[in-house]
Amino acid sequence: MAAPLLDVQGLSLSFATARGVARVLRDVTLAIPRGRIVGVVGESGSGKSTMASAVMRLLPPNLHAVTGSITLDGTDLLALPPDAMRRMRGRRVAMVFQDPMTALNPVFRVETQMVDVQRNAFPDRSRRELHARAVEMLRTVGIPAPEKRIRDYPHQFSGGMRQRIVIAMALLCEPELLIADEPTTALDVTIEAQILRLFEDLRAGFDGSILFISHSLGVVSSLCDEVVVMYAGTVVESASARDLFTNPRHPYTRLLLECEIGEGDGRGERLRSIPGGVPDLFDVPDACIFAGRCPQAHDRCLQGVPALREVAPGHRAACVLA
Ligand SMILES: Nc1ncnc2c1ncn2[C@@H]1O[C@H](COP(=O)(O)OP(=O)(O)OP(=O)(O)O)[C@@H](O)[C@H]1O
Ligand SMILES: [Mg+2]
């Protein structure tokens, strides 16, 4: 099998807080093959955004320790000097955040921002060329009359339109890896469906890989080739989208699926209806982190952290019962 574009191995990360050291990611392993869409799901607080920020190396100042490796196309991102990492961002790896306004500057026209974002990647192209590319990209993401609208300011667009503009900006530098961190949760349900359709349409013309973070298994099932399920800072299961939905092997994944099936709109807000809460990350037990909430827990679950092991070809689960 070809080497994956992104290979995260044994990533552990902690933050220093007033309460002590929070072990927010523990031994996270996942791979994103070239040209594929990989979904990452899990309840609020499971570490999805922290994992994405680690890939971008945009970590908060209270970072305590990080170990493991994050390799993009053979380059260890955690070992890169800051300058080289800055050049990597936007150009080879781009990120779309949940709230489009974090990526757009309210005081500049969309045109200025879309031209500027390309300057590093294409230093030899004229402003006119960069402008033309920006207009075409707005058209691709479904902004009507882009040659006119590009002169507007961000506040002149609706929330859904702004998210389209942010996605267009991320794509302009032709990144090999696009990370989308819950790009639809700030939007209402109909707009969310439109943005998801946009991602589906993009797969045809975009030959990079996408890491798509979502609360909702329903959302990732339709969009993604592979799915990684995170719980309280660890990966509990990963498989092709098909295998994960037809034959989930970890009790947590099964509960997530049950919660969503009973829910209707698929937005995953009711994931919190799994009894119990996400455990404290300050004093992590040497046991299965889900044992306290798991309907099938027994003694063996308390004897060490279960390894993420292959339970079927391409299907991994971290459960002694799987
Ligand atoms: N800078 C920080 N300092 C201390 N703890 C943090 C920091 N950033 C995140 N955390 C904690 O790390 C855990 C994981 O947070 P993270 O934002 O990665 O989760 P998430 O899966 O993205 O959640 P959501 O679905 O709500 O976006 C949470 O317990 C959070 O409180
Ligand atoms: Mg998050």
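Keep in mind that what you see is a predicted model, and the values were worked out from it rather than measured.

Calculation criteria
- Residues numbered from 1 in each chain as written.
- Chains lettered and ligands numbered in written order.
- Predicted model: local features only at pLDDT ≥ 70, side-chain atom pairs only at ≥ 80, totals over all residues.
- Heavy atoms only, no water.
- Pairing = 2+ DSSP bridges.
- Helix = DSSP H or I, 4+ residues; strand = E, 2+ residues; numbered from the N terminus.
- Contact = heavy atoms within 4.5 Å.
- Axes fitted to C-alpha atoms, helices over the stretch in contact; angles between N-to-C directions.
- Near = heavy atom within 4 Å.
- Polar contact = N/O pair within 3.5 Å; in protein donor to acceptor, adjacent residues only side chain to side chain.
- Areas by Shrake-Rupley, 256 points an atom, 1.4 Å probe, with all protein chains shown as cover.
- Nonpolar A, V, L, I, M, F, W, Y, C, P; charged D, E, K, R; others polar.
- Buried < 20%, exposed > 50% of the residue type's maximum accessible area, 1.4 Å probe, protein only.
- pLDDT = per-residue confidence, 0-100.
- UniProt positions renumbered as here; feature names shortened; annotations may be inferred.
- Domains from an automatic or database assignment.
- Buried area = accessible area lost by both parts, 1.4 Å probe.
- Salt bridge = Lys/Arg side-chain N within 4 Å of Asp/Glu carboxyl O.
- Core = buried A, V, L, I, M, F, W, Y, C linked by side-chain atoms within 4.5 Å.

Once that is clear, we can look at the sheet that holds strand 1 (residues 6-17). Sheet architecture is open: four strands sit in the order 2-1-4-5, paired in antiparallel fashion. With partners counted over all chains shown, the strands left at the sheet margins are strand 2 (20-32) and strand 5 (75-76), one partner each. Both strand 4 (residues 63-72) and strand 5 contribute to a ladder of two bridges, which runs antiparallel. The residue bridging Thr71 from the neighbouring strand is Asp76, located in strand 5. Across the sheet, helix 1 (residues 48-56) touches strand 1, strand 2 and strand 4, and the angle it forms with strand 1 is around 110°.

Moving on: the site of ligand 1. Around ligand 1, the surrounding shell holds 16 residues, and the nearest of these are Ser44, Lys48, Ser49, Thr50 and Asn62. With respect to ligand 1, the side chain of Asn62 contributes an N or O atom lying 2.8 Å from a nitrogen atom. At 3.2 Å, a side-chain N or O of Glu182 approaches an oxygen atom of ligand 1. Taking 640 Å² as the accessible area of ligand 1 by itself, protein coverage stands at 66%. If you list the elements that add at least two residues to the shell around ligand 1, you get strand 1 and helix 1. Counting residues per element, the shell around ligand 1 draws most heavily on helix 1, which supplies three residues. Taken together, the residues of the shell around ligand 1 break down into four nonpolar, nine polar and three charged.

Of the positions making up helix 3 (residues 110-119), those classed as buried are Val110, Glu111, Gln113, Met114, Val115 and Gln118. Summarising the contacts, the buried residues of helix 3 are in contact with helix 4 (127-140) and helix 6 (159-172).

Taking strand neighbours across the sheet as the criterion, the eight strands line up as 6-7-8-3-9-10-12-11 in an open arrangement whose pairing is mixed. Looking along the sheet, the strands with just one partner apiece sit at the ends: strand 6 (93-96) and strand 11 (309-312). For this sheet, the mean angle separating the axes of adjacent strands, direction not counted, is 25°. Running at roughly 165° to strand 8 (residues 209-214), helix 7 (residues 189-205) makes contact with strand 3 (37-41), strand 7 (177-181) and strand 8 of the sheet. Seen against the sheet, helix 10 (residues 251-261) touches strand 9 (226-231) and strand 10 (234-240) and runs at an angle of roughly 105° to strand 9.

Turning next to the environment of Gly142. Take Gly142: it is sitting in the loop between helix 4 and helix 5 (146-149). With 62 residues separating them in the primary sequence, Gly142 and Leu80 have C-alpha atoms 36 Å apart.

Attention now goes to the pairing of strand 10. The element strand 10 is extensively covered by neighbouring structure, given that six of its seven residues are classed as buried. Note: strand 9 against strand 10, six bridges, orientation antiparallel. From the neighbouring strand, Val229 faces strand 10, where its bridge partner is Glu237. Adjacent in sequence and paired antiparallel, strand 9 and strand 10 are bridged by two residues, among which Ala232 carries a positive phi angle near 45°. Relative to strand 12 (residues 315-317), strand 10 runs antiparallel, the two sharing two bridges.

Low-pLDDT stretches of the model should not have their predicted coordinates read in fine detail. In this model, the protein chain carries an average pLDDT of 91, and 96% of its residues clear a pLDDT of 70 or more. Here residues 268-272 is a poorly scored stretch, pLDDT under 50, and it has 13 contacts once near neighbours within four places are set aside; other chains count.

If you trace the backbone, Thr50 turns up in helix 1. Apart from the residues lying within four places of it in its own chain, the contact partners of Thr50 are Leu13, Phe15, Val24, Leu25 and Leu59.

Per the UniProt entry, the sites bearing "domain: ABC transporter" (unreviewed entry) are residues 8-257 in this numbering. With 38% helix and 27% strand, residues 8-257 has its two end C-alpha atoms placed 26 Å apart.

Attention now goes to the domain arrangement of the protein chain. Assigned domains of the protein chain: these are domain 1 (6-92 + 175-317) and domain 2 (98-174). A straight line from the C-alpha centre of domain 1 to that of domain 2 covers 28 Å. Contact with domain 1, which involves 18 residues of that partner, is made by 14 residues of domain 2. Around 1400 Å² of area is buried between domain 1 and domain 2 when both sides are counted, 70% of it from carbon and sulfur atoms. At the boundary of domain 1 with domain 2, the tally comes to zero salt bridges.

On to the nonpolar core, then. Grouped together as the largest cluster of nonpolar side chains are 96 residues, with contacts concentrated most on Met51, Leu177 and Phe212. No other element matches helix 6, which puts eight residues into this core. Counting residues domain by domain, this core receives three or more from each of domain 1 (6-92 + 175-317) and domain 2 (98-174). Apart from the residues lying within four places of it in its own chain, the contact partners of Leu177 are Leu5, Leu6, Ile32, Val55, Leu72, Arg92, Val93, Ala94, Ser209, Ile210 and Leu211. Residues Val115, Ala121, Phe122 and Cys173 belong to the second largest nonpolar core, which totals five residues.

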